[in-house]
Amino acid sequence: MKILISGGAGYIGSTVASACLDAGITPVILDSLVTGRREFTEGRPFYQGDIADGPLVDRVFAEHPEIEAVVHCAALIVVPDSVGDPLGYYRANVAKSLDFVGHLIRNGCQKMIFSSSGSIYLPGEDFSVDEDSGIAPQSPYARTKAVCEGMFADIAATQPIRILSLRYFNPIGADPRMRTGLQLRRPSHALGKLIEAHEEGVPFRITGTDWPTRDGSGIRDYVHVWDLATAHVAALRRFEAALGGARSSVINLGTGTGTTVTELVTAFNSVVDTPVAVVGTGPRPGDVAGAFTRSGRAGRLLGWEPQFGIVEGIRDSLRWAEIRDRLLAP
Ligand SMILES: NC(=O)c1ccc[n+]([C@@H]2O[C@H](COP(=O)([O-])OP(=O)(O)OC[C@H]3O[C@@H](n4cnc5c(N)ncnc54)[C@H](O)[C@@H]3O)[C@@H](O)[C@H]2O)c1
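Definitions and cut-offs
- Residues numbered from 1 in each chain as written.
- Predicted model: local features only at pLDDT ≥ 70, side-chain atom pairs only at ≥ 80, totals over all residues.
- Heavy atoms only, no water.
- Near = heavy atom within 4 Å.
- Polar contact = N/O pair within 3.5 Å; in protein donor to acceptor, adjacent residues only side chain to side chain.
- Areas by Shrake-Rupley, 256 points an atom, 1.4 Å probe, with all protein chains shown as cover.
- Helix = DSSP H or I, 4+ residues; strand = E, 2+ residues; numbered from the N terminus.
- Pairing = 2+ DSSP bridges.
- Axes fitted to C-alpha atoms, helices over the stretch in contact; angles between N-to-C directions.
- Contact = heavy atoms within 4.5 Å.
- Buried < 20%, exposed > 50% of the residue type's maximum accessible area, 1.4 Å probe, protein only.
- Salt bridge = Lys/Arg side-chain N within 4 Å of Asp/Glu carboxyl O.
- Phe/Tyr/Trp six-rings, centres within 6.5 Å; stacked < 30°, edge-to-face > 60°.
- Parallel < 35°, antiparallel > 145°, perpendicular 65-115°, else oblique.
- Left-handed = near helix turned anticlockwise from the far one by under 90°.

*Asks:* Mind showing me how you'd approach the site of the ligand here?
*Replies:* Near the ligand, the surroundings consist of 28 residues, among which Ile 12, Asp 31, Tyr 141, Lys 145 and Gln 183 are the closest. A distance of 3.1 Å separates an oxygen atom of the ligand from a polar backbone atom of Gly 10. A distance of 2.7 Å is found between an oxygen atom of the ligand and a side-chain nitrogen or oxygen belonging to Gln 183. The protein chains hide 93% of the 820 Å² of surface that the ligand would expose on its own. Of all elements in the fold, only α1 (11-22), β5 (111-117) and α5 (140-158) reach the threshold of two or more residues within the shell around the ligand. When residues of the shell around the ligand are assigned to their parent elements, the largest contribution, three residues, is made by β5.

*Asks:* Explanation requested: the sheet that holds strand β2 (residues 26-31) in the structure shown.
*Replies:* Hydrogen bonds along the backbone pair up the strands of a sheet, which may run parallel or antiparallel. Strand order in this open sheet of seven strands is β3-β2-β1-β4-β5-β7-β12, and the pairing throughout is parallel. Only two strands of the sheet have a single partner each, and these edge strands are β3 (46-48) and β12 (248-253). Shown here is a sheet whose adjacent strand axes are inclined to one another by a mean of 20 degrees, direction ignored. Pairing of strand β4 (residues 67-72) with β5 involves three bridges; the strand directions are parallel. Along β5, the bridge assignment pairs Val 70 with Met 112. Packing of helix α7 (residues 225-237) onto the sheet brings it into contact with β1 (2-6), β4, β5, β7 (162-168) and β12, and relative to β7 it is tilted by some 160 degrees.

*Asks:* Would you mind showing me how to read the side chain of Asp 287 here?
*Replies:* Here Asp 287 is to be found in the loop between β14 (278-281) and β15 (292-293). Looking at Asp 287, the relative accessible area reads 17%, which means it is buried. Separated by 2.7 Å, the side chain of Asp 287 and the backbone nitrogen of Arg 284 make a polar contact.

*Asks:* Hey, could you run me through the pattern of salt bridges in this one?
*Replies:* It is possible for side chains bearing opposite charge to pair when their charged atoms get close. In this structure the tally under the stated criterion is 17 salt bridges. Here Glu 149 makes a salt bridge to Arg 167, at a shortest N to O gap of 2.6 Å. A residue pair is termed long-range when its members are at least 10 positions apart, and Glu 149 in helix α5 and Arg 167 in strand β7 qualify at 18 residues. No difference in accessibility class separates Glu 149 from Arg 167, as the two residues are buried. One salt bridge connects Asp 316 with Arg 319, and the closest N-O pair in it is separated by 2.7 Å. Of this pair, Asp 316 and Arg 319 are both found in helix α11 (residues 310-327), three residues apart, which corresponds to roughly one turn of the helix. Overall, the relative accessible area of 39% leaves Arg 319 in the partly exposed class.

*Asks:* What should I look at first to understand the packing of aromatic side chains in this one?
*Replies:* Each aromatic ring pair is described using two quantities: the centre-to-centre distance and the angle formed by the ring planes. Inspection of every chain in the model, using the stated rule, returns three aromatic pairs. Pairing Phe 114 with Phe 152 gives two aromatic rings, centres 4.9 Å apart and planes at 75 degrees, and the pair type is edge-to-face. A residue pair is termed long-range when its members are at least 10 positions apart, and Phe 114 in strand β5 and Phe 152 in helix α5 qualify at 38 residues. Since its relative accessible area comes to 1%, Phe 114 is described here as buried.

*Asks:* What is the right way to read the pairing of β2 from this model?
*Replies:* A regular strand places its side chains on the two faces of the sheet in alternate fashion. Extensive coverage of β2 is indicated by the burial of five of its six residues. In this sheet, β2 lies alongside β1 in parallel orientation, the contact comprising five bridges. Following the sheet pairing, Leu 4 is matched in β2 by Val 28. In terms of strand pairing, β2 meets β3 through three bridges, oriented parallel.

*Asks:* I'm lost on the packing of helix α6 (residues 190-200) against helix α9 (residues 261-271) in this one. Help?
*Replies:* Between α6 and α9, the shortest axis-to-axis distance is 11 Å and the interhelical angle comes to 45 degrees. As judged from the angle between their axes, α6 and α9 are oblique. Note that α6 runs across α9; the crossing there is right-handed. Across from Ala 190, Leu 191, Leu 194, Ile 195 and His 198 in α6, the residues of α9 making contact are Leu 264, Val 265 and Phe 268.

What follows is the structure, given as structure tokens:
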């Protein structure tokens, strides 16, 4: 099987590409490198350019007519940036995705998997959600994902393409073989900040200590990025079953366990030699209390269960942070 991965030079897309290669699926990469890394495309067919560039997408399909499906990961993803630049985020994530899906249909592509997000949910009182939970995105970024899902469902309803949205919860870790990981030296999510605090020997700032969670810190469902990647392989292989006869559908990808930021710090300190101290501060723009999945749909429809726990995710993130600077040009 040959597939196209938009955003395949990014953190998740490049890991999906590695999992595909390991499973005997050939990935072709389309990425503008706006945040992705050329190093992550090495040895993989790679087209540098924009998903909205119709002639480029036509060229990809002309040169790889065997492409059977597309994994659409390309997007801008920084929540506080989306608060400051909603126009830029809707343009990048919604308008360009609309153009892209049009280019795919024109090229006869009938299957698409879309990188959506668990951050679109309105969490219930215990912060657990399943695919039937209410949708209430709390930031422009999250809303771009919800808008795309709705737009894709409308398109798939009458056009010759079927679309499966995978709602990722909070990816951590790196490819266990260390081919790829987070491209940023200073990632802005909690584990990234925790690694930074550990490296610099300064306290870690828990941003938000008044959420109605068991300890006041935000709650997340940390899922190892390799588990996310293998879920895509399963979704490609079982695309028909995953849709269950529908033209479009959604599946949550998380571990099913909620971990608060304070619990993340405890897990982190169980892995490192020198424990990190913490201080509490207010939330950042666009921050939310968080959610975790309680759904068994991925297990039932994809035959997928996460293989790694939070400690493996932390260990692989730390291993990657150590080698990242040697693998990536400054
Ligand atoms: N990282 C997370 O916490 C998370 C959680 C849920 C969902 N997601 C979704 O997963 C997907 C991948 O996220 P990621 O963490 O790998 O981010 P990333 O920034 O590492 O990867 C995104 C990739 O898309 C590319 N890209 C962006 N706009 C493009 C365009 N117009 N044309 C071509 N390429 C373009 C970037 O260069 C980059 O390589 C995104 O759609 C994101 O919304 C991520």
